[in-house]
Amino acid sequence: AQSVAQPEDQVNVAEGNPLTVKCTYSVSGNPYLFWYVQYPNRGLQFLLKYITGDNLVKGSYGFEAEFNKSQTSFHLKKPSALVSDSALYFCAVRDSSWGKFQFGAGTQVVVTP
Amino acid sequence: DAGVTQSPTHLIKTRGQQVTLRCSPISGHKSVSWYQQVLGQGPQFIFQYYEKEERGRGNFPDRFSARQFPNYSSELNVNALLLGDSALYLCASSLGTGFNEQFFGPGTRLTVL
């Protein structure tokens, strides 16, 4: 069975500082990994994905994520956080083409001016 | 281009009633998935349909059913509503396989009294 863990319920960071949101996963095969962001009363917006290839993936709004197979992690990063990055972030994993998406519990990011 | 649309936006039902939620995917997308998101949790996978066939089912009771129409729109039906069915129901569309990211609609907020 596949699973996703986001160990931090909330991450607080000052504007301009680096932002990291952690995600670890467990799958039986090769993982397909995704990051989504959710603003209040909105659906989820896609940020980036890892399917294969380069371990560093670049996505929307200046976000990037690093796939680490040995540590089974896929942490989301942004070099310089903005107040507008304050939102709920979800990591998701899929273990096959037709496997279900498994979402983490989410991490609330709070960026203070 | 229009994104994923869902109707209705909000819905209030009483226990034991039945509800139908509707979703229209992005033009050209042939896969639709349904998720349940309870407040404070990540989305939980309910169903995936591709080319009008069920491709995946999550751990939900038989009270939950869905279908996909020839125009790729989809309906989610929930019978014999329980208080615990109160949640945000999200629809997501994608081109098809697990390699492709899913694009989410704004959701339908269901309240069961």
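Our subject is the structure that appears above.
These numbers come from a predicted model, not from an experiment.

## Remarks on the interface of chain A and chain B
Contacts between the two partners involve 20 residues from chain A and, on the opposite side, 23 residues from chain B. Of the roughly 1,900 Å² buried between chain A and chain B on both sides combined, carbon and sulfur atoms contribute 57%. Run the count over chain A and chain B and you get 1 salt bridge. Between Glu101 of chain B and Lys49 of chain A there is a salt bridge whose closest N-O contact spans 2.8 Å. Remark: the boundary between chain A and chain B carries 4 residue pairs in polar contact (both at pLDDT 80 or more). Those elements giving two or more residues to the side of chain A that touches chain B turn out to be β5 (32–38), β6 (44–50) and β10 (87–94) of chain A.

## So, the sheet that holds strand β1 (residues 5–7) of chain B
One key point about sheets: their strands pair by backbone hydrogen bonds, in either a parallel or an antiparallel sense. Residue and element names in this part refer to chain B. Within the open sheet, the 4 strands sit side by side as β1-β3-β8-β7. Their pairing is antiparallel. Of all strands in the sheet, those bounded by a partner on one side alone are β1 and β7 (64–68). Strand after strand, the sheet turns through a mean of 15° between neighbouring axes, direction not considered.

Criteria and thresholds
- Residues numbered from 1 in each chain as written.
- Chains lettered and ligands numbered in written order.
- Predicted model: local features only at pLDDT ≥ 70, side-chain atom pairs only at ≥ 80, totals over all residues.
- Heavy atoms only, no water.
- Contact = heavy atoms within 4.5 Å.
- Buried area = accessible area lost by both parts, 1.4 Å probe.
- Salt bridge = Lys/Arg side-chain N within 4 Å of Asp/Glu carboxyl O.
- Polar contact = N/O pair within 3.5 Å; in protein donor to acceptor, adjacent residues only side chain to side chain.
- Helix = DSSP H or I, 4+ residues; strand = E, 2+ residues; numbered from the N terminus.
- Pairing = 2+ DSSP bridges.
- Axes fitted to C-alpha atoms, helices over the stretch in contact; angles between N-to-C directions.

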